[in-house]
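So you can see what is in the structure, the chains are spelled out below.
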Amino acid sequence: MTTRWNPGTTGPVRRAWCGAFAAIAVGLFGCNDLEVCGSTASDITRDGGEPYRCVTSEDCPRTSRVNVCVTDVSPVEVCVRCQDTKCVSVTPEACD
């Protein structure tokens with residue numbers, strides 16, 4: 001027999017599942033090792049010192065571990081963006 005056939009236990013079972021899901025969600029999303037309090041932007045330059053030029057952020061050179069910045073807020077990880085037709089590396093700063 002399932003809980004569908006016993007209406008008296010469906011409420012407690014649902015509350016238990018919701019409580020377990022909420023505890024897991026808080027555990028996964030509630031803690032952040034790096035609290036970001038800003039970021040530092042630096043030009044990405046060629047060997048000669050001139051900056052890389054770009055039209056979109058995808059034009060900028062980057063390694064496989066560096067992402068393209070998708071928002072204007074301070075990122076949690078290093079990313080690259082195209083700013084004023086120059087490629088810029090954005091590095092987050094941790095709060096002290």
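Given the structure is predicted, the values throughout are model-derived calculations rather than measurements.

A.B. asks: Where do I start with the nonpolar core in this structure?
C.D. replies: Among soluble globular proteins, nonpolar side chains are generally buried collectively. Core analysis: the largest hydrophobic core is formed by 7 residues, namely I44, C54, C60, V66, V68, V80 and C87. Excluding residues that lie within four positions of it along the chain, C60 makes contacts with C54, V80, R81, C82 and C87.

A.B. asks: Quick question: what am I supposed to make of the side chain of S57 here?
C.D. replies: Tracing the backbone shows S57 in the loop between β1 (36-43) and β2 (67-68). A residue is classified by how much of its surface remains accessible, and S57, at 14% relative accessible area, is buried. Looking at S57, its side chain comes within polar contact range of the main-chain nitrogen of C82, at 3.0 Å. Look past the residues within four positions of S57 in its chain and what remains in contact with it is V68, V80, R81 and C82.

A.B. asks: Teacher, can you tell me more about the state of the cysteines here?
C.D. replies: A disulfide bridge is the covalent bond that connects two cysteines by way of their sulfur atoms. In total, this model carries 4 disulfides according to the counting rule given. What pairs with C60 in a disulfide is C87, and their sulfur atoms sit 2.3 Å apart. Disulfide C60-C87: the torsion about the S-S bond is -95 degrees, which places it as left-handed. Here the residue C60 occupies a position in the loop between β1 and β2, and C87 occupies one in strand β4 (residues 86-94), the gap between them amounting to 27 residues.

A.B. asks: Teacher, can you tell me more about the confidence of the model for the protein here?
C.D. replies: It should be kept in mind that the predicted coordinates are not to be read in detail where pLDDT is low. Chain-level pLDDT for the protein is 78 on average; 65% of the residues reach the 70-or-more range. Of all helices and strands in the protein, the one with the weakest mean pLDDT is helix α1 (residues 7-29) (55), whereas strand β3 (residues 79-83) scores best (95).

Here is what the cut-offs are and how they apply
- Residues numbered from 1 in each chain as written.
- Predicted model: local features only at pLDDT ≥ 70, side-chain atom pairs only at ≥ 80, totals over all residues.
- Heavy atoms only, no water.
- Core = buried A, V, L, I, M, F, W, Y, C linked by side-chain atoms within 4.5 Å.
- Buried < 20%, exposed > 50% of the residue type's maximum accessible area, 1.4 Å probe, protein only.
- Contact = heavy atoms within 4.5 Å.
- Helix = DSSP H or I, 4+ residues; strand = E, 2+ residues; numbered from the N terminus.
- Polar contact = N/O pair within 3.5 Å; in protein donor to acceptor, adjacent residues only side chain to side chain.
- Disulfide = S-S within 2.5 Å.
- pLDDT = per-residue confidence, 0-100.

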